[in-house]
Amino acid sequence: MKTLTFSGRCAKEIIREPLNLFFGLGFPVVLLLLLSAIQSNVPVNLFRIERLAPGITVFGLSFMTLFSATLIAKDRESSLMQRLYTTPLKATDFILGYMLPIIPIATAQSVVCYTVSVFLGLPVTVNIIKSVLLLIPVSVLYISLGLLFGSILNSKQAGGICGALLTNLSAWLSGIWFDIELAGETFKKIADLLPFVHAVELQRAVINGTFGKSTTHLYYVVGYTIVITLLAVLMFLRQMKKQ
Amino acid sequence: MVAIKTVNLTKKYKDTVAVDKLNLQIEQGTLFALLGVNGAGKTTTVKMLSCLTKPTSGDAFVDTYSIKDRAADVKQIIGVLPQETAVAPKLSVKENLEFMCGIYGFSKDYRKAKTIELAEQFGLQNILNKKAGKLSGGMQRRLSIAMALISEPSILFLDEPTLGLDVIARSELWDTIRALKGKVTIILTTHYMKEAETLSDSVGIMRDGKLLITGTVQEIIKKTNANSFEDAFIAVVKEGEK
């Protein structure tokens, strides 16, 4: 009950920020439309809707890190947090309260991306539903990254690092915009070590119906999600103790 | 009956002693003003008593509950108004009040009734749907106090509640605090001597983490042979320097 109350408040704080709505829902849709328009004029294999839609959907989730990190960092800087620490709310209420409301926001964003993609030519199959379901661990990964950064950075730093650096890094190292093999062996090795490319490839495999051959990508995503979530919880508890 | 009792309450940060063996007793239903210059240890004391920070040594009992061992029980009976306004800016006045009700686990019906009651008590009825972040400083502070009172705390901590408010807003807030006296035990920290004089039943003056004197305003003036409470405060603090 207390967790739901706190998560309801967090959801309102996120949804009522117009910039969040633009970046969360508008920006990925604009990218889908723009790149599809380029694809229709200059056909590029990478921007075929079957490859583009999963990539943009995963890229859109990187904004969930920005949402959660800035909300947590702003809360930490405000007296509201100090007040809430003197109430019966427990650490689990705070952690779940921050994480839970962003999952439906992330899911809604994915649904919007795939719906627009259908209008752009993505075949309507059950794979879309599977794909949206498999985006949940990816969403948790990005939300946990937000919890982690929000626990250690101030709101300005969180905005800069999550809004600029992380979104760019996760875009470059995910093979959405260009084939990472073209950037050289070292670049590919780094990308393969990180979860972003695996999240995109996992989505592409699900949409194309070849999920069975892509379990390695799933292991990477789930592994990173568990490690980052644990680290984020530890860092959140550490800052809570410090306050 | 004693509402708060501290026993050698101490807080150290590395080499700095923020609060040094504080022994204090506050009677139920009274307003106790904790005064001192910057860095005297007032806010750290409030933070320890409201379970925001753990004491390095010693203990305090809030309505018989130890702040060290029974923090969860303490949190159920206290309300805290932090130094700065503590409201959720993107939530409306009504949502802020309901949010606090939810945190204390109130039922939906009780939540509604309590929101209406506090909105009326604090003159917030006409701005219930306005976003808290859009309110004036005085109104935000009023909402902030209403939020602190929503759980019907028996002990209320007000950390410099009128800091940054204009004369009118300050006077209105004093009226609100006066109305609470007798029903709730209030611990107020302030830099304004007039505020302590006007509102408090008893006063404690701190310096460098130590409690230098306690008593009523009149008792302290008499003890220091001063002409005013401000002079008495200066005399006590300067004496503490020696």
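Shown above is the structure to which this text applies.
Quantities reported herein were computed from a predicted structural model and do not represent experimental measurements. (Residues numbered from 1 in each chain as written. Chains lettered and ligands numbered in written order. Predicted model: local features only at pLDDT ≥ 70, side-chain atom pairs only at ≥ 80, totals over all residues. Heavy atoms only, no water.)

Scanning chain B from terminus to terminus reveals nine helices and ten strands. Over its C-alpha atoms chain B spans a radius of gyration of 18 Å, differing by no more than 12% from the 18 Å that the globule rule assigns to 242 residues. In terms of principal-axis extent, the alpha carbons of chain B reach across some 55 × 40 × 35 Å. For chain B, the proportion of its 242 residues judged to be buried stands at 54%. Put simply, 65% of the contacts in chain B that link residues at least 6 apart link residues at least 24 apart. Summing over all exposed atoms, chain B offers an accessible surface of approximately 10,900 Å²; the carbon and sulfur share of this is 47%. (Helix = DSSP H or I, 4+ residues; strand = E, 2+ residues; numbered from the N terminus. Rg over C-alpha atoms; globule rule 2.2 N^0.38 Å. Buried < 20%, exposed > 50% of the residue type's maximum accessible area, 1.4 Å probe, protein only. Contact = heavy atoms within 4.5 Å. Areas by Shrake-Rupley, 256 points an atom, 1.4 Å probe, with all protein chains shown as cover.)

Another point: the side chain of Thr5(A). Tracing the backbone through its elements, the reader meets Thr5(A) in helix H1 (residues 2-15). With sequence-adjacent residues up to four places away left out, Thr5(A) is seen in contact with Phe99(B), Gly102(B) and Ile103(B).

A few words now on the state of the cysteines. All chains considered together, the criterion is met by zero disulfides over all chains. The thiol sulfur of Cys10(A) is not disulfide-bonded, and the nearest other cysteine sulfur, from Cys162(A), lies at 16 Å. (Disulfide = S-S within 2.5 Å.)

Further remarks concern the pattern of salt bridges. The full count for this structure, using the stated rule, is 16 salt bridges over all chains. In this structure, Asp75(A) engages Arg9(A) in a salt bridge whose closest nitrogen and oxygen atoms are separated by 2.7 Å. Of the two residues, Asp75(A) sits in helix H3 (residues 49-77) while Arg9(A) sits in helix H1, which places them 66 residues apart along the sequence. For the residue pair Asp75(A) and Arg9(A), the accessibility class agrees, reading buried in each case. Residue Asp20(B) pairs with Lys210(B) through a salt bridge whose shortest N-O separation is 3.0 Å. Here Lys210(B) lies in strand S10 (residues 210-215) and Asp20(B) lies in strand S2 (residues 16-27), a separation of 190 residues in the sequence. (Salt bridge = Lys/Arg side-chain N within 4 Å of Asp/Glu carboxyl O.)

Let us now look at the sheet that holds strand S5 (residues 65-66) of chain B. Residues and elements named next belong to chain B. Taken together, the four strands give an open sheet; going across it, the order is S2-S1-S4-S5, and neighbouring strands pair in antiparallel fashion. Of all the strands in the sheet, the pair left with one neighbour each is S2 and S5. One ladder, built from eight bridges, connects strand S1 (residues 2-13) with S2; its direction is antiparallel. Bridge assignment links Leu 9 to a residue of S2, and that residue is Leu 22. Sheet strands in contact with helix H1 (residues 42-49) are S1, S2 and strand S4 (57-62), and its direction is about 115° off that of S1. (Pairing = 2+ DSSP bridges. Axes fitted to C-alpha atoms, helices over the stretch in contact; angles between N-to-C directions.)

Next up on the list: the sheet that holds strand S7 (residues 155-159) of chain B. Residues and elements named next belong to chain B. Strand order in this open sheet of six strands is S6-S7-S8-S3-S9-S10, and the pairing throughout is mixed. Because the sheet does not close on itself, it has two edges, and the strands there are strand S6 (78-81) and S10. Between one strand axis and the next, the sheet turns through 15° on average, direction left out of account. When strand S9 (residues 202-207) meets S10, the two strands line up antiparallel, connected through five bridges. Following the sheet pairing, Ile 205 is matched in S10 by Ile 213. Contacting strand S3 (31-36), S7, strand S8 (185-190) and S9, H1 crosses the sheet at an angle of about 140° to S3. Across the sheet, helix H5 (residues 137-149) lies against S6 and S7, angled at about 165° from S6, the strand it touches most.

With that out of the way, let us pick up empty space enclosed by the protein. By the definition in use, this model includes one cavity of 30 Å³ or more. One number sums up the size of the largest cavity: a volume of about 50 Å³. What lines the largest cavity is simply Arg83(A), Thr86(A), Thr87(A), Ile78(B), Gly79(B), Val80(B), Met100(B), Tyr104(B), Met147(B) and Ala148(B). Elements supplying a minimum of two residues to the lining of the largest cavity: S6 and H5 of chain B. Take the lining of the largest cavity: its biggest share by element is three residues, from S6(B). The residue makeup of the lining of the largest cavity, split by class, is six nonpolar, three polar and one charged. (1 Å grid on protein atoms, 1.4 Å probe; cavity = no way out; pocket = protein on both sides within 12 Å on 5 of 7 lines; lining within 4 Å. Points joined across faces, edges and corners; volume = space filled by probe spheres on them. Nonpolar A, V, L, I, M, F, W, Y, C, P; charged D, E, K, R; others polar.)

Here the focus is the packing of aromatic side chains. Summed over all chains, the structure comprises 15 aromatic pairs over all chains. Judged by centre distance (6.0 Å) and plane angle (45°), the ring pair of Phe178(A) and Phe187(A) falls under tilted. A relative accessible area of 29% means that Phe178(A) is categorised as partly exposed. On the accessibility criterion, Phe187(A) (23% relative accessible area) is partly exposed. Of the aromatic side chains, those joined through ring pairs into one cluster are Phe6(A), Tyr85(A), Phe94(A), Tyr98(A), Phe236(A) and Phe99(B). Positioned above the aromatic ring of Tyr192(B), the side-chain terminus of Arg170(B) is 4.0 Å from the ring centre. (Phe/Tyr/Trp six-rings, centres within 6.5 Å; stacked < 30°, edge-to-face > 60°. Lys NZ or Arg CZ within 6 Å of the ring centre and 35° of its normal.)

Let us now look at the interface of chain B and chain A. Each partner contributes to the interface: chain B provides 30 residues, whereas chain A provides 20 residues. Summed over both partners, the interface of chain B with chain A buries about 2,300 Å², with 60% contributed by carbon and sulfur atoms. The largest share of the area that chain B buries against chain A comes from Leu52(B), Lys90(B) and Ile103(B), three residues that together contribute 29% of it. Along the contact surface separating chain B from chain A lie three salt bridges. Linking Lys12(A) and Glu95(B) is a salt bridge whose minimum nitrogen-to-oxygen distance equals 3.8 Å. In this assembly, chain B and chain A are joined by seven residue pairs in polar contact (both at pLDDT 80 or more). (Buried area = accessible area lost by both parts, 1.4 Å probe. Polar contact = N/O pair within 3.5 Å; in protein donor to acceptor, adjacent residues only side chain to side chain.)

For the rest of this paragraph, the subject is the pairing of S8(B). Residue and element names in this part refer to chain B. In terms of burial, S8 is largely enclosed, as six of its six residues are buried. Judged by which residues are buried, S8 turns out to be covered on both faces: Thr 185, Ile 187 and Thr 189 on one side and Ile 186, Leu 188 and Thr 190 on the other are all buried. Sheet analysis places S3 next to S8, joined by five bridges and oriented parallel. Counted as the bridge partner of Phe 32 is Ile 187 from S8. Looking at chain direction, S7 and S8 are connected through five bridges and run parallel. Within the sheet, the bridge partner assigned to Phe 157 lies in S8 and is Ile 187.

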